[in-house]
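Geometric and topological summary
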Amino acid sequence: MLGLILAQEILSPQALSVLGAGLAIGLGALGPGIGIGLLASGALQAIGRNPEATPQIQLNMILAIAFAEAIAIYALVVALLLKFVA
Amino acid sequence: MLGLILAQEILSPQALSVLGAGLAIGLGALGPGIGIGLLASGALQAIGRNPEATPQIQLNMILAIAFAEAIAIYALVVALLLKFVA
Amino acid sequence: MLGLILAQEILSPQALSVLGAGLAIGLGALGPGIGIGLLASGALQAIGRNPEATPQIQLNMILAIAFAEAIAIYALVVALLLKFVA
């Protein structure tokens, strides 16, 4: 049994939106950070195994990083919106 | 049985924004930290396997680290905004 | 049975900022800690496999550790700001 009483004027939308902003960028940075690590690890090992293929590997690594980075930027945009847009 | 009563005027926006700032940089550091570890691990193993490819591997390692570091800096920016911007 | 009553004026901004500071450095240390472990593991295995490549591996290991360490320092700075800056 769980009794939860939130009395008045406590958890306003404005109060929770700053907590939401912190969670948005915090969790939103978690995935892309790990993802960039995983994909770049694979790319760098591939360059080490076959250095002549460096241009192709580099191009595709940057392409993939850009997509992962975009996800982090989505989280950043939402965090800034939660903070600054009423 | 859990009874939780939050009485009035407790969790103001200002109060939650400092908690949000802590969560933002805390969680936001988690992903890039692990990501840099993963990609540098791959890079260093590739250098060990093929030391002649060191310049290409080093260049791409630093490039990938910069993108991962950027995500941590997004989290830092949001944490500082939550702390210092009303 | 757990009864938790948070009466008024308890969770002030100051109260939550110390919790936020703990979360900031706690979670912020987690990622870089694991990351440095991963990359040093890769470096040491690479040195074990190919000891002649030690200078290149060592240089790049220190470089990558510095970037991961920087992320932990961001979390430290935010934690200290949350604790000491009103």
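Scoring rules and cut-offs
- Residues numbered from 1 in each chain as written.
- Chains lettered and ligands numbered in written order.
- Predicted model: local features only at pLDDT ≥ 70, side-chain atom pairs only at ≥ 80, totals over all residues.
- Heavy atoms only, no water.
- UniProt positions renumbered as here; feature names shortened; annotations may be inferred.
- Helix = DSSP H or I, 4+ residues; strand = E, 2+ residues; numbered from the N terminus.
- Buried < 20%, exposed > 50% of the residue type's maximum accessible area, 1.4 Å probe, protein only.
- Contact = heavy atoms within 4.5 Å.
- Buried area = accessible area lost by both parts, 1.4 Å probe.
- Salt bridge = Lys/Arg side-chain N within 4 Å of Asp/Glu carboxyl O.
- Polar contact = N/O pair within 3.5 Å; in protein donor to acceptor, adjacent residues only side chain to side chain.
- Nonpolar A, V, L, I, M, F, W, Y, C, P; charged D, E, K, R; others polar.

Section: the UniProt feature "transmembrane region" (unreviewed entry) in chain A
Residue and element names in this part refer to chain A.
- The sites that UniProt annotates as "transmembrane region" (unreviewed entry) are residues 15-40 and 61-82.
- Strand forms 0% of residues 15-40 and helix 100%; the C-alpha atoms that close the span are 39 Å apart.
- Here residues 61-82 runs as 100% helix and 0% strand, with 32 Å between its end C-alpha atoms.

What to know about the UniProt feature "domain: V-ATPase proteolipid subunit C-like" (unreviewed entry) in chain A
- Residues given the UniProt feature "domain: V-ATPase proteolipid subunit C-like" (unreviewed entry) here are residues 19-82 of chain A.
- Segment residues 19-82 of chain A splits into 94% helix and 0% strand. End C-alpha atoms: 9 Å apart.

Re the environment of C:Glu69
All names here are of chain C.
- Tracing the chain through its elements places Glu-69 in helix 2 (residues 54-84).
- Its relative accessible area of 38% is what places Glu-69 among the partly exposed residues.
- Here the alpha-carbon distance between Glu-69 and Gly-31, two residues 38 residues apart in the chain, equals 9.9 Å.

Notes on the interface of chain B and chain A
- Across the contact, 53 residues belong to chain B and 52 residues belong to chain A.
- Together chain B and chain A conceal approximately 4200 Å² of surface at their shared face, both sides included; 75% is due to carbon and sulfur atoms.
- By the criterion of area lost to chain A, the three top residues of chain B are B:Asn60, B:Ile71 and B:Tyr74, representing 13% of everything that side buries.
- Linking chain B with chain A are zero salt bridges, by the criterion used here.
- Across the chain B-chain A interface, the total number found is six residue pairs in polar contact (both at pLDDT 80 or more).
- Within the residue set of the side of chain B that touches chain A, elements represented by two or more residues are strand 1 (2-6), helix 1 (13-49) and helix 2 (54-84) of chain B.
- Of the residues forming the side of chain B that touches chain A, the biggest block, 21 residues, is contributed by helix 1 of chain B.
- Classifying every residue of the side of chain B that touches chain A gives 38 nonpolar, 13 polar and two charged.

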